[in-house]
Amino acid sequence: MTSLFKVRRCTCRSAALHFVGWVPTDFLKHGTTHRRGAVRLAAAGETWWCQRGGINGKLKDCFEENMQTDGVPLLKDYDTYQASLPVRELRKGGELKLYQLPFYARTADLNKFAERMITDLEMRDSVDYIAAASHSGKSASVVVGFLRSRELNTDCTRLDFTHYLYMPFANNGGNYHRKVSEAKLQRACGEDVELREALGAAYMKDCFKAQAFDSDYVDVWHLPNTTPTFRTAQKLLEKDVSTFMQRSPKGVLLVHVDEHGSMCPDPDFRRGAMRVLAELPGVQVLATYTDIPPLPKQKSSETCRRPIACLLPDVEAIMKERLRGLPMDDIDMRNEAILLRVATLRVTFGLALQKLLLAGLHIPSSELDRLLNKLENMLGNAGDNVKARLEKCIEHCNRMWMEDSKWQRKSLTDLLCGIDEDDDRVQEKRFPQVVALDDIITAPLEVLLRDRDEDQLSPANKLHRSCQRIFKQALKTSPRAAVTAGKILEYAYLWVLACNSCKFSELEFDELEARFQCQDIQPGYIFQKKSKRLDFAKVAEMQNATLYYAEGNHPCADIFFKDDSGALYLVDVGGTSNMSKALNKVRKMSDVLIKEGSHQDLQVRGVVLLPNIGSISQEDVGSISEAITVTGARARRLLGGLAQLLTWLPAV
């Protein structure tokens, strides 16, 4: 029988570089046994993904318990299987074996990520996907999520992952399945969409067979001798998957399709390649790339795409591990000035991480390694007080990303506000540098904070640039009064609310809809200094179509504006996760509304935004509240793409 593909033997892999990780303090409080007995739940205090060799050790246990079999060459022993796992080449030679490195993620974030992975869409097949910038950690995150999901999954209605297969289509130290050219498809089937999908299915079948049963990768893919059908390729693939799963036939195979955009230029071909796997029983596909897979949105009856938000690095853990010049545990967190500077440093350091690439954490003398050494020396300078040391670190981190050349980006203000993932405008290659969150697509924080929309003269872009400047100023240490985590979150809301209202002529706060189209932003203060009541003379001076942000201390309005009817809206922002503090904000706003409600010539409405609070009921408040309280996911949605900041901002 003529072989339909030529395989390439795996190249020899050099020893990986290692970095010793730090174990974060947000430990689990419980321990139990996985229902299949394969992987036990991490004991209290155990965050194995942050430890050197922790991921590899867990994966080896899982392999020996669930996958190992002499009937499948790739699974005959762990050394053979290990050679198929993701690596990244270094420019000066050598490799980083991602599964042997610590993975810095907060426990709460990783748990949410893993829970999303094992939640089944039930009535339809899906391809999960992670879309994020290159070198953002998305490839490394999948195997960590796979292992963590097994520890969390005690519900028989959810996906029970037993097998993990990494299928790369680019990079990976040269070990990957090679691309199929458009010219080859044109010769085979012209523009026939159905046949292109069938060829994609046949290609995936051959890639799976080469990797599972020859421990190799398809080098040159040859077209089948006879015209294939999608179902024929799928039936053959199903047999191979069944053989591959023989050790745990009732389990679920997680296929990690990495760099899916590199399979072929044609989206129909790629769609067929991913569908053929995703539609098999006992198989879940998770695709990673810098773009969205060419599959329909979730509401479709076909095999659809489902986003999983890429994990952002745990900057607190990295700072505690590497910045020993000033032990973070020794900082007096009761000192608000110091606490707020630490919070700002987390954000600026996180942005520097995005710029310098996470892999630098594991490479001695990398630019990121040099940055960490520089920060450590600054923090260790006993000649400065603690606040001054922190401010110097903030300034240095800012220089790493803030002074970069600015780019013009297509649809950047759309991405800032967040485009609904199921929006009909969302098409592959539609947007540059896509980041998929749980329900929107956006751009990396570094891009949002640095670049401009290509439609430079649009009102939304002018607002974007104005708010961008204000936000950056809050990250700088001059004036020092701006160094505050509170201001960072307030200005993030100001930024997105301004651009959103400019584009859509309204703002929605749950059931409260404000007709308002922002054309300008201005600082302002509308309260009486002594009584903390509204100063109606100042309110009367407020300009239409202007979104104001508060100067100095204020009773309850970080942001305020008048809608098209002249009603005054007071918006207060709270980053706290403490229910008592959150309720205090709500009560303050309600008190102001009650006091000012008697003014006949002015209607006053109040909104409190609490992204780190799950929910607040009237019973929590203790009385009927006049304020609209927007919490949790709904409050985060109003942050658009800037919701990514919440990973790094402490909930103070």
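Residues numbered from 1 in each chain as written. Predicted model: local features only at pLDDT ≥ 70, side-chain atom pairs only at ≥ 80, totals over all residues. Heavy atoms only, no water.

## Some thoughts on helix α8 (residues 267-278)
Counted only if it meets this: A helix here means a DSSP run of H or I that spans at least four residues, while a strand means a run of E at least two residues long, and both kinds are numbered starting from the N terminus. Expected helix span is taken as 1.5 Å per residue step, with the number of steps being one fewer than the number of residues. Only protein chains enter the calculation, and the probe is 1.4 Å; a residue is then buried if its accessible area is under 20% of its type maximum, exposed if over 50%, and partly exposed in between.
Under the 1.5 Å per step criterion, the end-to-end length of α8 is 16 Å for twelve residues, consistent within 8% with the ideal 16 Å. Of all twelve residues in α8, eleven are buried, a share of seventy percent or more. Within α8 the residues assigned to the buried category are Asp268, Phe269, Arg270, Arg271, Gly272, Ala273, Met274, Arg275, Val276, Leu277 and Ala278.

## Thoughts on the pairing of strand β5 (residues 161-168)
In plain terms, the rule: Strands pair, by our definition, only if DSSP identifies at least two bridges between them.
For β5, the buried fraction is high: eight of the eight residues fall into the buried class. For β5 and strand β7 (residues 252-258), the ladder comprises seven bridges, and the chain directions are parallel. Across the sheet, proline 168 pairs through a bridge with aspartate 258, a residue of β7.

## Some details on the pattern of salt bridges
Stated formally: Think of a salt bridge as a Lys or Arg side-chain nitrogen and an Asp or Glu carboxyl oxygen that are within 4 Å of each other.
In this structure the tally under the stated criterion is 31 salt bridges. The partner of glutamate 279 in a salt bridge is arginine 231, with the nearest N and O atoms 3.3 Å apart. Placement of the pair is glutamate 279 in the loop between α8 and β8 (283-289) and arginine 231 in helix α7 (residues 230-244), with a sequence separation of 48 residues. Classification of arginine 231 by relative accessible area gives partly exposed; the value is 45%. The partner of arginine 515 in a salt bridge is glutamate 506, with the nearest N and O atoms 3.2 Å apart.

## Considering the sheet that holds strand β12 (residues 435-436)
Taken together, the three strands give an open sheet; going across it, the order is β11-β13-β12, and neighbouring strands pair in antiparallel fashion. In this open sheet, the two edge strands, each paired with only one partner strand, are β11 (419-420) and β12.

## Here's the deal with the side chain of aspartate 558
Using the following cut-off: Positive charges are assigned to Lys and Arg, negative charges to Asp and Glu, while His and the chain termini are left out of the count. Throughout this description, a polar contact denotes any pair of N or O atoms lying within 3.5 Å of each other; where both atoms belong to protein, one of them has to be capable of donating a hydrogen while the other can accept it, and for residues adjacent in sequence the pair is counted only when both atoms sit in side chains. It only takes one pair of heavy atoms within 4.5 Å for two residues to be counted as in contact.
One can find aspartate 558 in the loop between β18 (546-550) and β19 (559-562). For the buried residue aspartate 558, which engages in no salt bridge, the nearest side chain bearing the opposite charge is lysine 585, 4.8 Å off. Of the polar contacts made by the side chain of aspartate 558, one reaches the side chain of histidine 554; its length is 2.6 Å. Excluding anything up to four places from it in sequence, aspartate 558 contacts Glu490, Tyr548, Tyr549, Ala550, Val571, Asp572 and Val573.

## Topic: helix α6 (residues 193-214)
Helix length check: α6 (22 residues) gives 31 Å between terminal C-alpha atoms against 32 Å at 1.5 Å per residue, within 8%. By the criterion of burial, α6 is predominantly enclosed, with 18 of the 22 residues buried. A distance of 3.1 Å separates the backbone nitrogen of glutamate 194 from a side-chain oxygen at the start of α6, and that oxygen is part of aspartate 192. Phi turns positive one or two residues past the end of α6, at serine 215, with a value near 50°.

## Describing the packing of aromatic side chains
Here is the rule: Here is the rule: rings of Phe, Tyr and Trp (six-membered ring for Trp) pair when centre to centre is within 6.5 Å. Planes less than 30 degrees apart are stacked, more than 60 are edge-to-face, and the remainder are tilted. Whether a charge sits over a ring comes down to the Lys NZ or Arg CZ being within 6 Å of the ring centre and within 35 degrees of the ring normal.
In the structure shown here, the tally under the stated rule is 17 aromatic pairs. Both rings, one in phenylalanine 146 and one in phenylalanine 161, keep their centres 6.1 Å apart while their planes meet at 40°; by these two values the pair is tilted. Highlighted residues: phenylalanine 146 in helix α4 (residues 138-152) and phenylalanine 161 in strand β5, separated in sequence by 15 residues. Judged on exposure class, the residue phenylalanine 146 and its partner phenylalanine 161 are both buried. Both rings, one in phenylalanine 561 and one in tyrosine 569, keep their centres 4.9 Å apart while their planes meet at 5°; by these two values the pair is stacked. Counting every residue linked through ring pairs, the aromatic cluster contains Phe169, Tyr203, Trp221 and Phe269. The lysine or arginine in question, arginine 275, covers the ring of phenylalanine 230, its NZ or CZ lying 4.1 Å from the ring centre. Between lysine 529 and the ring centre of tyrosine 525, over which it is positioned, the NZ or CZ distance is 5.5 Å.

## Here's the deal with the sheet that holds β8
Selection rule: To get an axis, a line is fitted to the C-alpha atoms, and for a helix only the part in contact is used. The angle between two axes follows their N-to-C directions and goes from 0 to 180 degrees.
Reading across from one edge, β5-β7-β8-β4-β9 is the order of the five strands in this open sheet, with parallel pairing throughout. In the strand order of this sheet, the two ends are held by β5 and β9 (304-307), each with one partner. The mean angle between the axes of side-by-side strands here comes to 25°, regardless of whether they run parallel or antiparallel. The pairing of strand β4 (residues 126-131) with β9 spans four bridges and is parallel. When the sheet's bridge partners are listed, tyrosine 129 is paired in β9 with proline 307.

## Observations regarding the pairing of strand β16 (residues 512-515)
Residues Leu512 and Ala514 line the buried face of β16, whereas the alternating positions Glu513 and Arg515 sit on a face that is not buried. Examined bridge by bridge, strand β15 (residues 506-509) and β16 share four bridges and lie antiparallel to one another. Note on β16: the bridge partner recorded for leucine 507 is alanine 514.

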